[in-house]
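An overview of the molecular structure
One-letter residues, chain by chain:
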Amino acid sequence: MADSLEYAWYSFAADSNAVLGTALGLYSLVGAIMAVTGVLMSLVAAILGVIGLVVTYLTYHFGRASALGDASAAIQNARSSVVEYVSYRDGLSA
């Protein structure tokens, strides 16, 4: 009887160790997959950050050039309006 109980205990312990080892192995596998996924997500975030910086710079650069062009056109329009007004005023006074 004692031998069968001892055998049952060791058999249970061996099965428990196998189950525990399998669970820990699966847990480690899930951790490794999460780590790889985290690295890939960081890589994607870095690439998107660089793309964002490039788009921001290009938008700033061309937007600034466009704004300068718009300002120049506004100044030209104001000058031509003043010239038209002066010539109109001079025509009235003549």
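Reference entry: report on the structure contained in this document. Within any chain, residue numbers begin from 1 and follow the written order of that chain's sequence. With the structure being a predicted model, the display of local features is reserved for residues of pLDDT at least 70 and the display and counting of side-chain atom pairs for 80 or more, all residues being used for whole-chain, interface and lining totals. As a convention, hydrogens and water are excluded, and side-chain values are obtained from all of the structure's heavy atoms.

1. Examining the overall build of the protein chain
To keep things clear, this is the line we draw: By definition, any uninterrupted DSSP run of H or I lasting at least four residues is a helix, any uninterrupted run of E lasting at least two residues is a strand, and each is numbered from the N terminus. All accessible-area figures derive from a Shrake-Rupley calculation using a 1.4 Å probe, and residue coverage is judged against the displayed protein chains alone.
Looking only at helices and strands, the protein chain features one helix and zero strands. Summing over all exposed atoms, the protein chain offers an accessible surface of approximately 8,100 Å²; the carbon and sulfur share of this is 74%.

2. Some words on a nonpolar patch on the surface
This is how the line gets drawn: Like-charged residues are merged into a patch within 9 Å and nonpolar side chains (Val, Leu, Ile, Met, Phe, Trp, Tyr) within 5 Å, provided each residue has over 30% relative accessible area and no salt bridge. Criterion for a salt bridge: a side-chain nitrogen of Lys or Arg within 4 Å of a carboxyl oxygen of Asp or Glu. Exposure categories follow from relative accessible area, calculated using a 1.4 Å probe and restricted to protein chains: below 20% of the type maximum is buried, above 50% is exposed, and the middle band is partly exposed.
On the surface, Val36, Leu40, Leu43, Val44, Ile47, Leu48, Ile51 and Val55 cluster together into a nonpolar patch covering about 740 Å² of accessible area. With respect to the secondary-structure elements, Ile51 resides in helix α1 (residues 2-93). Ile51 gets classed as partly exposed once you look at its relative accessible area, which sits at 45%.

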